[in-house]
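This is what each chain is made of:
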Amino acid sequence: MRPAIRLRATPTALGSTKGLKPAPLALLPPIPLYRRLFRTHRKFLPKEMRLLGDEYIKSEFRAHQRVENPMHIIGFLTEWQMYAQKIEGESWRGEKIDKGKIDKMSDQQLGQLYELMQAIQKTAREGDDSGSA
């Protein structure tokens, strides 16, 4: 009887993106991704950022609930999954949005981004005011 050869998984560079980012995971279905985003916020974000982020997740998923274009759905889920990975890895602090992504945004998306920026700045100002009082 021959001894059995044990095959063990070994890490490889396949699927990684030049060592800068982790290899993307398989795309999660909408509901598990939705739940993961809330868990990620609960675990990694301060309360005021979590509240703002949770509301944003809810509104975006509601707005995209009836989308039927498969490419749009895949893009939407992919971006949210990458967002969750960044928050979990805490590599998001101080990061700027890629200019290529901004160039691809519609006027409505740019308006939403501006509103989000204003809400963040307002929250930061309120935090500064309560800290100095």
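Keep in mind it's a predicted model, so treat the numbers as computed, not measured.

1. What to know about the overall build of the protein
So, step 1. Secondary structure summary: the protein contains five helices and zero strands in total.
So, step 2. From first element to last, N terminus to C terminus, the protein shows the α and β order α-α-α-α-α.
So, step 3. When contacts within the protein are restricted to residue pairs at least 6 apart in sequence, long-range pairs at least 24 apart make up 59% of them.

2. Examining the environment of A84
So, step 1. For A84, the position within the fold is in helix α3 (residues 70-89).
So, step 2. It is 9.5 Å that separates the C-alpha atoms of A84 and R39, two residues lying 45 residues apart in sequence.
So, step 3. Ignoring sequence-local partners within four residues, the contact set of A84 consists of R36, L37 and T40.

3. Here we look at a nonpolar patch on the surface
So, step 1. Side chains of L27, M71 and I74 sit close together on the surface and give an oily, nonpolar patch of about 310 Å² of accessible area.
So, step 2. Since its relative accessible area comes to 63%, M71 is described here as exposed.

4. Quick word on the pattern of salt bridges
So, step 1. By the definition in use, this model includes five salt bridges.
So, step 2. When the shortest N-O distance is used, the salt bridge between E88 and R36 registers 2.7 Å. Here E88 is found in helix α3, whereas its partner R36 is found in helix α1 (residues 30-44), with 52 residues between them in sequence.

5. Focus on α1
So, step 1. The terminal C-alpha atoms of α1 lie 21 Å apart, and with 15 residues this matches the ideal 21 Å at 1.5 Å per residue to within 8%.
So, step 2. The complete set of buried residues in α1 reads L33, R36, L37, F38, T40 and H41.
So, step 3. Tucked inside the fold, the buried residues of α1 contact α2 (47-63) and α3.

6. A closer look at the nonpolar core
So, step 1. In terms of nonpolar packing, the biggest core is built from nine residues, these being L33, L37, F38, I57, F61, F76, L77, W80 and A84.
So, step 2. Those elements giving two or more residues to this core turn out to be α1, α2 and α3.
So, step 3. Of the residues forming this core, the biggest block, four residues, is contributed by α3.
So, step 4. Excluding residues within four positions of it along the chain, I57 makes contact with Y34, L37, F38, H41 and W80.

7. Things to note about the packing of aromatic side chains
Here the distance between the centres and the angle between the planes together describe a pair of aromatic rings.
So, step 1. Taken as a whole and judged by the stated rule, the model has seven aromatic pairs.
So, step 2. Ring centres of Y34 and F61 lie 5.0 Å apart, and the angle between their planes is 65°; this geometry places the pair in the edge-to-face category. Of this pair, Y34 sits in helix α1 while F61 sits in helix α2, and the two are 27 residues apart along the sequence.
So, step 3. Looking at Y34, the relative accessible area reads 27%, which means it is partly exposed.
So, step 4. For F61, a relative accessible area of 12% gives the class buried.
So, step 5. Ring geometry for F61 versus F76: centroids 5.0 Å apart, planes at 65°, classification edge-to-face. In this pair, F61 sits in helix α2 while F76 sits in helix α3, placing the two residues 15 residues apart along the sequence.
So, step 6. Using a relative accessible area of 13% as the deciding quantity, one classes F76 as buried.

Parameters at a glance
Position numbers for residues count from 1 along each chain, tracking the sequence in the order it is written. In keeping with the model being predicted, local features are shown solely for residues with a pLDDT of at least 70 and side-chain atom pairs are shown and tallied solely at 80 or more, while totals for entire chains, interfaces and linings include all residues. To obtain the side-chain values, all non-hydrogen atoms of the structure were included, while hydrogens and water were left out. Runs of H or I in DSSP of at least four residues are treated as helices and runs of E of at least two as strands, each being numbered from the N terminus. Any two residues having at least one pair of non-hydrogen atoms within 4.5 Å are treated as being in contact. Within this analysis, patches are made of residues with over 30% relative accessible area and no salt bridge. Like charges are joined at 9 Å or less; nonpolar side chains (Val, Leu, Ile, Met, Phe, Trp, Tyr) at 5 Å or less. Only the protein chains shown count as cover for residues, and all accessible areas are computed by the Shrake-Rupley method using a 1.4 Å probe. We define a salt bridge as a contact between a side-chain nitrogen of Lys or Arg and a carboxyl oxygen of Asp or Glu at a distance within 4 Å. Each residue is assigned to one of three classes by its accessible area relative to the maximum for its type, calculated with a 1.4 Å probe on protein chains only: buried under 20%, partly exposed between the two thresholds, exposed over 50%. A helix is expected to span 1.5 Å for every residue after the first. For our purposes a nonpolar core is just a set of buried Ala, Val, Leu, Ile, Met, Phe, Trp, Tyr and Cys residues, chained together by side-chain atoms within 4.5 Å. Under the pairing criterion, centres of Phe, Tyr and Trp rings, with the six-membered ring standing for Trp, must be within 6.5 Å; the plane angle then separates stacked pairs below 30 degrees from edge-to-face pairs above 60, leaving the rest tilted.

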